[in-house]
Amino acid sequence: MVPTMSGSETNVVIDAEEALNLGTERAILVTLRGHSLGKRIGLEPEISSLTIGRDDEADLSLNDDSVSRFHCEIVFIETGWFITDLGSTNGTYVSGHPVDRAPLRDGDLVKVGATIFKFLSTENIEAAFHEEIYRLAIIDGLTQVYNRRYLEEFLDREISRCRRHGRPMCLIIFDIDNFKQINDQFGHLSGDYVLRSIADKLNRRIRREELLARYGGDEFIVVLPETDLDDAVKFGEIIREGIEILPLSFDGWKIPVTVSLGVGRYDHKMTQSSELIASADSALYRAKANGRNQVSN
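Scoring rules and cut-offs
Residues numbered from 1 in each chain as written. Predicted model: local features only at pLDDT ≥ 70, side-chain atom pairs only at ≥ 80, totals over all residues. Heavy atoms only, no water. Pairing = 2+ DSSP bridges. Helix = DSSP H or I, 4+ residues; strand = E, 2+ residues; numbered from the N terminus. Contact = heavy atoms within 4.5 Å. Axes fitted to C-alpha atoms, helices over the stretch in contact; angles between N-to-C directions. Buried < 20%, exposed > 50% of the residue type's maximum accessible area, 1.4 Å probe, protein only. Right-handed = clockwise from strand over helix to strand, strands pointing away.

**Student:** Any details on the sheet that holds strand β15 (residues 219–225)? Residues and values, ideally.
**Tutor:** Sheet strands line up and pair through hydrogen bonds in the backbone, either parallel or antiparallel. With respect to topology, five strands assemble into an open sheet ordered β14-β15-β13-β18-β19, the strand pairing being mixed. Of all the strands in the sheet, the pair left with one neighbour each is β14 (211–216) and β19 (295–296). In this sheet, strand β18 (residues 259–265) lies alongside strand β13 (residues 169–176) in antiparallel orientation, the contact comprising seven bridges. Counterpart to isoleucine 172 in the pairing with β18 is valine 263. Along the sheet face, helix α5 (residues 188–203) touches β13, β14 and β15 and points at about 155 degrees away from the line of β13.

**Student:** Pulling in residues and values, what's your account of the sheet that holds strand β10 (residues 101–103)?
**Tutor:** The five strands are arranged β5-β4-β6-β7-β10 in an open sheet whose pairing can be described as mixed. Whereas interior strands pair on both sides, the edge strands pair on one side only; in this sheet they are β5 (60–61) and β10. With two bridges connecting them, strand β4 (residues 49–53) and β5 associate as parallel partners. Each residue of the ladder has a partner; that of glycine 53, found in β5, is serine 61.

**Student:** Describe the pairing of β18, with residues and values.
**Tutor:** Among the seven residues in β18, six count as buried, and that is most of the element. Where β18 and β19 come together, two bridges link them in parallel fashion. Within the sheet, the bridge partner assigned to glycine 262 lies in β19 and is serine 296. Of the crossover connections in this fold, the one passing from β18 over helix α7 (residues 273–289) to the parallel β19 is left-handed.

Right, here's the structure in full:
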């Protein structure tokens, strides 16, 4: 049997290549964020449980100070897979919600400290696993919107199209005002919650031909093909107002959030995506310098 990350022989932990030769487990965890991205952890109903924690004796050991020695446990009973928090200091989260004990359903995100796993229990685990590996290459693990790598590829394609056909395009870059204070006052888990909530709200407003991406930290970018500057500024104001009234609360605390936004317009003299991003970034700097919680271009 293949040893676990902690050296125990009770649960199987394999990498992507080994996964090609193993299709017997009925559920798996895939690491979306944290050490060993794309790692596949097999869950077998015949084995009583899988413990996750910082201790070397845990079946799945995570070297993370925010993880308790024995943080949580995943077990299989007749009705399916369940996860139980083992009295951890920072809590166990399933799809963004703190849990004491909860069922695991196909597609759930399990957060233990800084690590996020995706739980897969579909009939065709192999196909789901390889689809998830592809998603890891283009999707931000925390917010589940596109990542910087995919953003840059998308912008390169759109700039080539704009130059070829003379079409307009705008880009909005924004970040969360005083995000460090949110982390300091409410904790880093609350900061993660705010990022996920904003991404989820905006993702529902983005059209098929547009793109929302996490650029890094608390910065996001919205790419608006076929959009002139006036319409982009109006959309930026919609984003600003929508986030300002977004009801955000974490662990019983209401978290007020505002954003500052900069709008850049594609100029046909531009040859690289970095030039368009720099234009929007300069506008973002002006928005912050003028008092934050506003749109500038």
